[in-house]
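Chain by chain, the residues run as shown.
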Amino acid sequence: MESGLDNLKHAAACLRAAKNVVVFTGAGISAESGIPTFRDSDGLWQRFSPERFATWDGLLKTAVADPRLFADFLIAVLDPIAVAAPNAAHLAVAELERHLPVTVITQNVDGLHQAAGSTTVHEVHGSIFEIVTLGGRFVRLLSRAEVREIVQRLREAREATLVLPKALRAIHSMLGPGGVSIHRPKIVLFGEAMAEPAWTLAQEAAEQCDCMLTVGTSATVMPAAMLPGIARSVGARVIDVSIEPGDADFPLTGPAATVLPDLVRKAFR
Ligand code: NAD
């Protein structure tokens, strides 16, 4: 049985020899930036059930039945993202590009890979900052500062006597009726199709890589969870970084913001 140190050594060698790397990330890479994951014991689904909060239908019903809880949910999702900055794991992923061709595929909607400097990022579950019409047409990009403003106004709304109208005004630049259509953030809720063209590009990248580095993902959310299998089917080796031991050629167990900089250092310095 390989020790953690052996795995780090082999993973570093695998990365160094690679011609084409895909980094596939989930909520765990942003945990140390203060953004909670959904499924861990302190995750969002412990406080807000996915049945009520992970579909537009459930969200709309909650908004009408319990607008204060609706505002609480939006604050819980948006506030950590609004104040987050990339951590050492995002920075290590960006640094990889100085050494070899890298495609980042992320399930996250927090924009932290781009903020860290990664240049090719496919956001297969979309982005909280990209506002589109119901038909998917681009409307505008929100800044992190604008999301902070939305959170501040939602906090005021939840203290008001008439919560719903104030909450709807607070989120209007992100979600609500626009000039010709309803607009919404381009995020993929339960039962919705994957974000395009990101998903098609992500599958192509997985088919072309010779090394996939999966970071902070439980790899249970379908169809994104198929990507490591696609990479394996074309002969790529898989390195997994997670606080729980993962299913990979080289599992590296530990917090991403510690393990990833170690791995990049070992591979390239
Ligand atoms: P998940 O919540 O299912 O799994 C997170 C994984 O990260 C777990 O396996 C956990 O053990 C691991 N982890 C937790 N902290 C870690 C750390 N510090 N270092 C390394 N690993 C760590 O997340 P998922 O698989 O990405 O799926 C949840 C879905 O929810 C995603 O598809 C995403 O769209 C969405 N989501 C996004 C964000 C975000 O944008 N930051 C946050 C929460 C959820």
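Criteria and cut-off values
Residues numbered from 1 in each chain as written. Predicted model: local features only at pLDDT ≥ 70, side-chain atom pairs only at ≥ 80, totals over all residues. Heavy atoms only, no water. Helix = DSSP H or I, 4+ residues; strand = E, 2+ residues; numbered from the N terminus. Rg over C-alpha atoms; globule rule 2.2 N^0.38 Å. Buried < 20%, exposed > 50% of the residue type's maximum accessible area, 1.4 Å probe, protein only. Contact = heavy atoms within 4.5 Å. Areas by Shrake-Rupley, 256 points an atom, 1.4 Å probe, with all protein chains shown as cover. Lys, Arg positive; Asp, Glu negative; His and termini not counted. Charge placed at Lys NZ, Arg CZ, Asp CG, Glu CD. Domains from an automatic or database assignment. Buried area = accessible area lost by both parts, 1.4 Å probe. Near = heavy atom within 4 Å. Nonpolar A, V, L, I, M, F, W, Y, C, P; charged D, E, K, R; others polar. Salt bridge = Lys/Arg side-chain N within 4 Å of Asp/Glu carboxyl O. Axes fitted to C-alpha atoms, helices over the stretch in contact; angles between N-to-C directions. Parallel < 35°, antiparallel > 145°, perpendicular 65-115°, else oblique.

A. Quick peek at the overall build of the protein chain. Helix and strand counts for the protein chain come out as twelve helices and ten strands. By the compact-globule yardstick of 18 Å for 269 residues, the protein chain fits well, its C-alpha radius of gyration being 19 Å. Burial statistics for the protein chain: of 269 residues in total, 50% are counted as buried. Relative to all contacts within the protein chain whose residues are 6 or more apart in sequence, the contacts with residues 24 or more apart total 66%. For the protein chain, the accessible area works out to roughly 12700 Å², and carbon and sulfur atoms hold 56% of it. Averaging the coordinates of the 25 positive side-chain charges in the protein chain and doing the same for the 29 negative ones gives two points 5 Å apart.

B. Region of the structure containing the domain arrangement of the protein chain. Annotation of the protein chain at the domain level lists domain 1 (1-34 + 85-125 + 194-269) and domain 2 (36-83 + 128-187). A straight line from the C-alpha centre of domain 1 to that of domain 2 covers 29 Å. With 16 residues of domain 1 at the interface, the matching set in domain 2 holds twelve residues. Together, the buried faces of domain 1 and domain 2 total about 940 Å²; carbon and sulfur atoms form 53% of this surface. Counting the surface domain 1 buries against domain 2, the share from its top three residues, Gly-34, Val-109 and Asp-110, is 37%.

C. Fine view of the site of the ligand. Taken together, the neighbourhood of the ligand is formed by 27 residues, with Ala-27, Gln-107, Asp-110, His-125 and Ser-218 sitting nearest. Protein burial of the ligand: of its 850 Å² of free accessible surface, 94% is covered by the chains. Residue composition of the shell around the ligand, grouped by class: ten nonpolar, twelve polar and five charged. For the shell around the ligand, the domains that each give at least three residues are domain 1 (1-34 + 85-125 + 194-269) and domain 2 (36-83 + 128-187).

D. Quick look at the pattern of salt bridges. Across all of its chains, the model carries nine salt bridges by this definition. Note that Arg-265 is salt-bridged to Asp-262, the shortest N-O span being 3.0 Å. In this pair, Arg-265 and Asp-262 are both assigned in helix 12 (residues 256-268), three residues apart and thus about one turn of the helix distant. Overall, the relative accessible area of 31% leaves Asp-262 in the partly exposed class. Salt bridges here are not isolated pairs; linked through shared partners, they connect Asp-72, Arg-158 and Glu-159.

E. Representation of the environment of Pro-223 in the model. Looking at the secondary structure, you find Pro-223 in the loop between strand 8 (211-215) and helix 11 (227-233). When the C-alpha positions of Pro-223 and Val-124 are compared, they lie 9.8 Å apart, and in sequence the two are 99 residues distant. Setting aside residues up to four positions removed in sequence, Pro-223 forms contacts with Met-194 and Trp-199.

F. Structural detail: the packing of helix 8 (residues 144-158) against helix 9 (residues 163-170). Contact geometry of helix 8 with helix 9 gives a least axis separation of 8 Å together with a crossing angle of 175°. The orientation of helix 8 relative to helix 9 falls into the category roughly antiparallel. Mapping the contact onto sequence places Ile-150, Arg-153, Leu-154, Ala-157 and Arg-158 in helix 8 and Val-163, Lys-166, Ala-167, Arg-169 and Ala-170 in helix 9. Of the residues that constitute the contact of helix 8 with helix 9, the class distribution is six nonpolar, no polar and four charged.

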